Amino acid sequence: MYPKPRPSLSPNTYEFESFPLVKPTGFREYDARWWFGHPGSDKAPELNLMGVQALGMGLGTLIGRMGVKREIVTGHDFRSYSSSIKYALITGLMAAGCKVHDIGLAMSPMAYFAQFALDAPAVAMVTASHNDNGWTGVKMGAQRPVTFGPDEMTQLKEIVLAADFDLVGGGSYEFVENFPDRYVEDLTSRPKLKRKLKVIAACGNGTAGAFAPRILEALGCEVVPLNTDLDFTFPNYNPNPEDMEMLHAMAAAVKEHGADVALGFDGDGDRCGVVDENGDEIFADKIGAMLARDLTRVHGPSQFVVDVKSTGLFLTDPVLKELGAKTDYWKTGHSYIKRRVKELNALAGFEKSGHFFFNAPVGRGYDDGLVTAIAVLDMLDHNPDKTMSQLYAELPKTWGSPTMSPHCDDEKKYGVVEKVVKRFEDMKAEGETFAGQPIRDLITVNGVRVVAEDGTWGLVRASSNKPELVVVVESPVSEARLREMFAAVDKVLRENPEVGAYNQTI
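Residues numbered from 1 in each chain as written. Predicted model: local features only at pLDDT ≥ 70, side-chain atom pairs only at ≥ 80, totals over all residues. Heavy atoms only, no water.

**Q** Break down the overall build of the chain for me, citing the residues and quoting the values.
**A** Looking only at helices and strands, one finds 16 helices and 21 strands in the chain. In terms of C-alpha radius of gyration, the chain reaches 22 Å, essentially the compact-globule figure of 23 Å for 506 residues. Across its three principal axes, the chain shows a C-alpha extent of roughly 65 × 60 × 45 Å. Across the chain, the fraction of contacts at a sequence separation of at least 24, relative to all contacts at a separation of at least 6, is 69%. Of the roughly 18,700 Å² of accessible surface on the chain, 50% is carried by carbon and sulfur atoms. Both charge centroids of the chain, one from 54 positive and one from 69 negative side chains, sit 3 Å from each other. (Helix = DSSP H or I, 4+ residues; strand = E, 2+ residues; numbered from the N terminus. Rg over C-alpha atoms; globule rule 2.2 N^0.38 Å. Contact = heavy atoms within 4.5 Å. Areas by Shrake-Rupley, 256 points an atom, 1.4 Å probe, with all protein chains shown as cover. Lys, Arg positive; Asp, Glu negative; His and termini not counted. Charge placed at Lys NZ, Arg CZ, Asp CG, Glu CD.)

**Q** Can you break down the nonpolar core residue by residue, with the values?
**A** Counting 69 residues, the largest nonpolar core has I103, L216, L263, F350 and M388 as the members making the most contacts within it. Here the element with the most residues in this core is helix α13 (residues 369–382); it accounts for 9 residues. When near neighbours in sequence (up to four residues on either side) are disregarded, L216 contacts V199, A201, C221, V223, L263, L370, A373 and L377. Counting 36 residues, the second-largest nonpolar core is a separate cluster that includes V22, I63, I85 and L89. (Core = buried A, V, L, I, M, F, W, Y, C linked by side-chain atoms within 4.5 Å. Buried < 20%, exposed > 50% of the residue type's maximum accessible area, 1.4 Å probe, protein only.)

**Q** So what about empty space enclosed by the protein? Which residues, and what values?
**A** Counted under the stated rule, the structure contains 3 cavities of 30 Å³ or more. In this structure, the largest cavity encloses a volume near 120 Å³. Taken together, 14 residues form the lining of the largest cavity, with P241, E242, F283, A284 and K352 sitting closest to its centre. By residue number, the principal contributor to the lining of the largest cavity is strand β10 (residues 272–275), which donates 3 residues. Its volume calculated, the second largest cavity comes out at about 80 Å³. With 4 residues, helix α9 (residues 284–299) is the largest single contributor of residues to the lining of the second largest cavity. Broken down by class, the residue content of the lining of the second largest cavity amounts to 3 nonpolar, 1 polar and 4 charged. (1 Å grid on protein atoms, 1.4 Å probe; cavity = no way out; pocket = protein on both sides within 12 Å on 5 of 7 lines; lining within 4 Å. Points joined across faces, edges and corners; volume = space filled by probe spheres on them. Nonpolar A, V, L, I, M, F, W, Y, C, P; charged D, E, K, R; others polar.)

**Q** Give me the pattern of salt bridges: which residues, what numbers.
**A** What the rule picks out here adds up to 35 salt bridges. D102 serves as the salt-bridge partner of K86, at 2.7 Å between the closest nitrogen and oxygen. With K86 in helix α3 (residues 82–95) and D102 in strand β3 (residues 99–105), this residue pair connects regions lying 16 residues apart in the sequence. Of the two residues, K86 and D102, both sit in the buried class. Where R481 meets D454, a salt bridge forms, and the shortest distance between an N and an O atom there is 2.7 Å. One end of the pair, R481, is in helix α16 (residues 479–493); the other, D454, is in the loop between β19 (448–452) and β20 (457–462), and 27 residues separate them in sequence. The exposure class of D454 is partly exposed, given its relative accessible area of 21%. Linked by salt bridges that have partners in common, K23, E46 and E411 make up one network. (Salt bridge = Lys/Arg side-chain N within 4 Å of Asp/Glu carboxyl O.)

**Q** Tell me what's going on with the environment of A429, and back it up with residues and numbers.
**A** Mapped onto the elements, A429 comes out in helix α15 (residues 410–429). Along the sequence, A429 and H407 sit 22 residues apart, while their C-alpha atoms lie 29 Å from each other.

This is the structure:
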């Protein structure tokens, strides 16, 4: 009988080495994230290796109960502890009867690709994505190309915390040699780009550094590598193309080398950020709008899905309207958008975070930063006389913020968001003005997106993978209105003392 996981244990004790530690809050809406620990940190760990083993047992159990063949792909990102966590996970999966295909060091999209290439129904990718060092997690799925959502994560949580395992045994392990070569071949066995492009490949010393330059070169690009050497201390900046520090490094490299574009990849390679030839960052939702234009010109009238953090241009852009593009605004989160893209058979889905999903004939429905990069390069190839900034300038002008995240404890953030939603609903019901104008609309599919009469909007939602809230604002009118909206949203947030400092603001 495997012991029930404990919600907290002190390191360097008998108990820590004898019982599984699994903090319940690590089971997020669509994947799992825990603080595993970091040298010099005094923050208590939320997971130990026995806890990871319990997670593997639980995942193998859930796959079996879902009626899915117990066969699974595993891989791990480039962090000092990720391989240890993966092997602990594998022991649990095997105890629950799973045949494990281990592809080794990988980006998340390589693991998703492996589900197709190895004909394995399930996946468990060990990665903390763009989270700081010390974090770990697992992205999981059992119905390719989608990954788990809240229902599956709730079932997994209940199985693991109750130690309700079906330890049928009979599992097996196979290391898939040279699997990255198959992934690279899949992306590069196509015609080369006609246009000669100089590209900055920024990887933040994360996993993508082992693969991105090679793939971009094979497509015919002149590649200037930026922090592509693997270093799990992340000595330059966290590999997150939403963070201004990484975007500023990309901008400096573009100017230094006279590049056509900079492409930045996050820690596990499933997201891509873009900086134009002038060194100006283009937020991912605007890149999505540009790609939606390009894709509809190539493939005809198309359905798209975007998250609630994204620009309003998907509905208002006259070119997209003329081309027959339709867009559905949906919940933020790679699992939500991926699933919605599949449900609607959309050509593509775009998240402001940089998770992009392309269905056939462009992709297989999962998020892949390299497939996104290739779509951006194809767009430039389709417009040989235009620079990235010129293509961007063709979009109607809006003023948008980066994603801003004030701290809020995991145990409190959803309650805070409920109070904020109620506050906005009461204001609208009572006809109060907000940011100087009447409230035109409230979108509450995921947190709350409050839209003023002039189209300026602000969003508040709970982060699904960190102890934070998420705040985004945009105005089609002016920067002044953008700042007015942010001040008004922040004022409502500050009514809740649980809300802490922002990681970045406008």
